[in-house]
Amino acid sequence: MNEPFRLLVIGDVHYDPSGNDEPQRRPSRGVQLVRDAISDAVGRFGIHAVALMGDLVEDGHDPDTPENLQKLAEAARTAAADIPLLVVPGNHDVDAERLLGIFGTEAGGHEIAGCRLFVFSDMWWADDTGHRPQEQQRLFVDWAAAGDGPIVALQHNPIHPPVENDYPYALAEHERVTADYAAAGVTLSVSAHYHAGLPLTFLAGVGYFTSPALHKPPHPYTVITIGPEGPRVLPQYLETA
Ligand SMILES: [Fe+2]
Ligand SMILES: [Fe+2]
């Protein structure tokens with residue numbers, strides 16, 4: 001890699017055009033927030049890929065969800081122009097296949113500008129625990145072993161640090177996942193779901209970062225760089241004091 005890889009990370013949008021905005025959350029502004037975050041980051045940093053980290057809509061069971069996802073996809077595609085768009089299914093999105101189809105993207109491995117990125121589509125059980133399908137984890141391990149270049153793993157739920165209470169909840173299989181990431185030489189694991197976000201921490205040589213939620217003022221997004229010195233996290237805000 002001649003220059004650092006730059007990834008724009010956008011956490012929990014929770015879009016609901018008829019939702020009530022409150023001082024602490026603005027679900028009705030999702031389309032505008034996504035458009036603004038991408039335009040802002042592309043203009044100021046130059047971006048190699050955009051990752052939408054899940055919970056794109058507030059209620060995936062709402063009959064208007066396909067239409068709302070269409071609006072988000074259109075806004076993202078227009079703002080990102082030719083920049084690759086990665087989408088990570090979240091627990092509020094409900095139907096991962098429909099979500100990825102509307103955005104015209106896929107889970108699994110992607111190679112972009114010398115960086116290797118793997119999108120996981122995890123599952124949520126009725127007891128609100130998150131789970132990593134074994135088949136996907138096996139696919140990831142094989143994919144990781146078959147190429148060169150820094151690896152970024154993307155999933156909705158936080159992996160590390162694990163918090164053993166209701167919220168934020170790490171994936172139930174987080175110990176196996178962190179062991180596999182270390183063995184695969186993952187540079188950075190990126191998550192969302194915990195709306196306050198969690199700073200970059202390292203475990204067994206792997207960086208773990210949890211993105212804050214875009215729909216909450218001051219509307220944070222994150223630019224991540226992957227270079228020879230490892231991952232760097234540059235927090236940004238659409239609303240400044
Ligand atoms: Fe969320
Ligand atoms: Fe979530």
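The rules we used
Residues numbered from 1 in each chain as written. Chains lettered and ligands numbered in written order. Predicted model: local features only at pLDDT ≥ 70, side-chain atom pairs only at ≥ 80, totals over all residues. Helix = DSSP H or I, 4+ residues; strand = E, 2+ residues; numbered from the N terminus. Rg over C-alpha atoms; globule rule 2.2 N^0.38 Å. Contact = placed C-beta atoms within 7 Å. Pairing = 2+ DSSP bridges. Axes fitted to C-alpha atoms, helices over the stretch in contact; angles between N-to-C directions. Buried ≥ 20, exposed ≤ 12 C-beta atoms within 10 Å, placed from the backbone. Arc of directions from axis to C-beta. Core = buried A, V, L, I, M, F, W, Y, C linked by C-beta atoms within 7 Å.

(A) How the structure looks around the overall build of the protein. Regarding its fold elements, the protein presents 5 helices and 13 strands. Against the globule reference of 18 Å for 241 residues, the protein gives a C-alpha radius of gyration of 16 Å, in line with a compact fold. Each principal axis of the C-alpha distribution contributes one length, and for the protein these read about 45 × 45 × 35 Å. Sequence separation of 24 or more characterises 68% of the internal contacts of the protein that already satisfy a separation of 6 or more.

(B) Focus on the sheet that holds strand β3 (residues 85-87). Spatial strand order, β3-β2-β1-β12-β13: 5 strands in an open sheet with mixed pairing. Because the sheet does not close on itself, it has two edges, and the strands there are β3 and β13 (230-237). Looking at each pair of strands side by side, their axes are set apart by 20 degrees on average, direction ignored. By the bridge criterion, 8 bridges tie strand β12 (residues 220-227) to β13 in an arrangement that is antiparallel. The residue bridging Y221 from the neighbouring strand is Q236, located in β13. Packing against the sheet, helix α1 (residues 30-45) makes contact with β1 (5-10), β2 (49-52), β12 and β13, and its axis sits at approximately 160 degrees to β1.

(C) Broad picture of helix α5 (residues 174-184). Of the residues making up α5, those classed as buried are H174, V177, T178 and Y181. One face of α5 carries all of its buried residues, which in axial projection span an arc of 95 degrees. Residues of α5 that are buried make contact with α4 (134-145), β8 (151-154), β9 (188-191), β10 (198-203) and β11 (206-210). G185 lies just past α5 and shows a positive phi near 75 degrees.

(D) Examining the pairing of strand β4 (residues 108-112) more closely. Relative to strand β5 (residues 115-119), β4 runs antiparallel, the two sharing 5 bridges. From the neighbouring strand, G109 faces β5, where its bridge partner is F118. Counting the residues between successive antiparallel strands, the hairpin from β4 to β5 contains 2 residues, one of them, A113, with a positive phi of roughly 50 degrees.

(E) Layout of the nonpolar core. L8, I10, V50, A51, A76, V152 and L154 are the most contacted members of the largest nonpolar core, which has 61 residues in total. Top contributing element to this core by residue count: helix α2 (residues 65-80), with 7 residues. Beyond its immediate sequence surroundings of up to four residues, A76 is in contact with V34, I38, V50, L52 and L85.

(F) Examining the environment of A204 more closely. Here A204 shows up in the loop between β10 and β11. Taking the C-alpha atoms as reference, A204 lies 30 Å from P84; in sequence the two are 120 residues apart. If sequence neighbours within four positions are ignored, A204 has contacts with T178 and A182.

The values are spatial; any link to function lies outside them.
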